[in-house]
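Below, each chain spelled out in residue letters.
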Amino acid sequence: QVQLVESGGGLVQPGGSLRLSCAASGSIFSFIAMGWYRQAPGKQRELVATITRDASTGYADSVKGRFTISRDNAKNTVYLQMNSLEPEDTAVYYCNAAGITTSSWGQGTQVTVSS
C-alpha cells in the first residue's frame, strides 16, 4: 500500500498563503485520483479538491477560486496551493490516493489561520 506524507502546514494570518505537499512512496499515476480533504475540530472530514489521472480537477465550493490542486507525476507529489486563507480554513488537511478498490490516507498536516 502506498505511503503518503503531507507537509507544508502551519500558522498563517488571514489573507495569507500556504502550499501543501503530499509525497507518495510509489507512482501516483496508478491511482484514479488524488485528493485533499480536511477536518476541523468537531466536524466531519470534507473533500477540498481532487485531481484525476488525466489532470482534471474539482473543488469544494468553499475553496473555488482560492485553492489550486496540482500534481507532478515525476516526483510522485500532489500539491495544494491555498491563497486568501480564511479562519474557516483552519483544519487538519489530509492527502488521499484513490484506486479502484483501495483508498490510502496520509497522517495529516495542521493548517491554522489566525491573526
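Here we summarise the structure given alongside this text. None of these values were measured; they are calculated from a predicted model. (Residues numbered from 1 in each chain as written. Predicted model: local features only at pLDDT ≥ 70, side-chain atom pairs only at ≥ 80, totals over all residues. Heavy atoms only, no water.)

Examining the overall build of the protein chain
Secondary structure summary: the protein chain contains 0 helices and 11 strands in total. Taken from N to C terminus, the helices and strands of the protein chain fall in the order β-β-β-β-β-β-β-β-β-β-β. Its C-alpha atoms give the protein chain a radius of gyration of 13 Å, within 12% of the compact-globule value 13 Å for 115 residues. Residue pairs in contact within the protein chain that sit at least 24 positions apart in sequence constitute 54% of those at least 6 positions apart. (Helix = DSSP H or I, 4+ residues; strand = E, 2+ residues; numbered from the N terminus. Rg over C-alpha atoms; globule rule 2.2 N^0.38 Å. Contact = heavy atoms within 4.5 Å.)

Details of the environment of Tyr-79
On the secondary structure map, Tyr-79 appears in strand β8 (residues 77-82). For the pair Tyr-79 and Gly-35, spaced 44 residues apart in sequence, the C-alpha to C-alpha distance is 9.4 Å. Beyond its immediate chain neighbours, meaning those up to four positions away, Tyr-79 contacts Arg-19, Leu-20, Ser-21, Trp-36, Thr-68, Ile-69, Ser-70 and Asp-72.

As for the packing of aromatic side chains
Taken as a whole, this structure holds 1 aromatic pair when the rule is applied. Centroid distance Tyr-37 to Trp-105: 4.9 Å. Interplanar angle 65°. Geometry classified as edge-to-face. Of this pair, Tyr-37 sits in strand β4 (residues 33-39) while Trp-105 is found in strand β10 (residues 103-105), placing the two residues 68 residues apart along the sequence. A relative accessible area of 22% places Tyr-37 in the partly exposed class. (Phe/Tyr/Trp six-rings, centres within 6.5 Å; stacked < 30°, edge-to-face > 60°. Buried < 20%, exposed > 50% of the residue type's maximum accessible area, 1.4 Å probe, protein only.)

Observations concerning the sheet that holds strand β3 (residues 18-24)
Within the open sheet, the 4 strands sit side by side as β1-β3-β8-β7. Their pairing is antiparallel. If you trace the sheet from one side to the other, it starts and ends with β1 (4-7) and β7 (67-72), each paired once. The average angle at which neighbouring strand axes cross in this sheet is 15°, direction not considered. Looking at chain direction, β1 and β3 are connected through 4 bridges and run antiparallel. Its bridge partner lying in β3, Val-5 is registered against Ala-23. (Pairing = 2+ DSSP bridges. Axes fitted to C-alpha atoms, helices over the stretch in contact; angles between N-to-C directions.)

Examining the pattern of salt bridges
Applying the stated criterion to the full structure yields 5 salt bridges. A salt bridge links Asp-89 to Arg-38; the nearest nitrogen and oxygen atoms lie 2.9 Å apart. Here the residue Asp-89 occupies a position in the loop between β8 and β9 (91-98), and Arg-38 occupies one in strand β4, the gap between them amounting to 51 residues. Residue Asp-89 is classed as buried on the basis of its relative accessible area of 1%. (Salt bridge = Lys/Arg side-chain N within 4 Å of Asp/Glu carboxyl O.)

Regarding the pairing of β3
Among the 7 residues in β3, 5 count as buried, and that is most of the element. Here 6 bridges tie β3 to β8, and the two strands are oriented antiparallel to one another. The residue of β8 that forms the bridge with Ala-23 is Thr-77.

A look at the layout of surface pockets
Sizing a probe to match a water molecule and rolling it over the atoms shows the empty space that remains. Taken as a whole, the largest pocket spans an internal volume of roughly 160 Å³. The class makeup of the residues in the lining of the largest pocket is 4 nonpolar, 3 polar and 4 charged. (1 Å grid on protein atoms, 1.4 Å probe; cavity = no way out; pocket = protein on both sides within 12 Å on 5 of 7 lines; lining within 4 Å. Points joined across faces, edges and corners; volume = space filled by probe spheres on them. Nonpolar A, V, L, I, M, F, W, Y, C, P; charged D, E, K, R; others polar.)

Geometric values such as these leave the question of function open.
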